[in-house]
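Structure at a glance
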Amino acid sequence: MITRVYISHCEQDELLAQETARALWAVELESFSSLYRKAWALSRAERIRFGVRQSDCVIAILTPEGAASPEVNQEIGLAVGTDQLVIPLVESGVELPVLIRHLQPISFSPHTYEDALGKLIQNIREITRLDWLKIKCPYCGEEMTQYISPQEEVEKALLKGMHLETMCSYCQRAIFLDPRTFRPLL
């Protein structure tokens, strides 16, 4: 069962990592990265070792800068060495590092990252159970938990170019969700 995910990325890809963490948060997956501004009493090396070992899966964000980053490649090496599941999110045109070259990556371009996150969540749903969805209401700001929409409903919404719909349990207003990332739309 996947409950914790380590996000491997270089400093230049921090915004992509934050977007990934938000999408994982929405489906109740805890995420960790050595670059997050947490646990300053621990060295970065300790945060990496702890994060990778405590995670059920490692997501590697590989842009040209990420694929060339020694830190990202070391994190991938640690993940492979500890038999972690590695899911690469790879920018078009970027070659996978040698240790994960055999894997099937989820490709993206700078304009299709949300599509890649949707594929990531779908892949995780195929190998583990995701029951809950966390939503922060864009109107009243309250955070609520609901059952996640079945994958069939998500796929129908994507095919029709539509959104998912739910209701805030606090203010009772309709909330429309992006079917890829489950992010509320205004």
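Each remark here, short or long, concerns the structure printed above.
Fair warning: this is a prediction, and the values are worked out from it, not measured in the lab.

Some words on the packing of helix H1 (residues 14-26) against helix H5 (residues 113-127)
How two helices pack is summed up by the angle between their axes together with the distance between the axes. Look at H1 against H5: their axes get within 11 Å of each other, and the N-to-C directions meet at 40°. In terms of orientation, H1 lies oblique with respect to H5. Crossing handedness for the pair H1 and H5: right-handed. Contact residues: Leu 16, Glu 19, Thr 20, Ala 23 and Leu 24 in H1; Tyr 113, Glu 114, Leu 117, Leu 120, Ile 121 and Ile 124 in H5. Class assignment for the residues of the contact of H1 with H5 results in eight nonpolar, one polar and two charged.

As for the pairing of strand E4 (residues 85-91)
Counting buried residues in E4 gives six out of seven residues, a clear majority hidden from the surface. Sheet analysis places strand E3 (residues 57-62) next to E4, joined by six bridges and oriented parallel. From the neighbouring strand, Ala 60 faces E4, where its bridge partner is Pro 88. Examined bridge by bridge, E4 and strand E5 (residues 106-108) share three bridges and lie parallel to one another. If you follow Glu 91 over to E5, its bridge partner there is Phe 108.

Quick notes on the rules
- Residues numbered from 1 in each chain as written.
- Predicted model: local features only at pLDDT ≥ 70, side-chain atom pairs only at ≥ 80, totals over all residues.
- Heavy atoms only, no water.
- Axes fitted to C-alpha atoms, helices over the stretch in contact; angles between N-to-C directions.
- Helix = DSSP H or I, 4+ residues; strand = E, 2+ residues; numbered from the N terminus.
- Parallel < 35°, antiparallel > 145°, perpendicular 65-115°, else oblique.
- Left-handed = near helix turned anticlockwise from the far one by under 90°.
- Contact = heavy atoms within 4.5 Å.
- Nonpolar A, V, L, I, M, F, W, Y, C, P; charged D, E, K, R; others polar.
- Buried < 20%, exposed > 50% of the residue type's maximum accessible area, 1.4 Å probe, protein only.
- Pairing = 2+ DSSP bridges.

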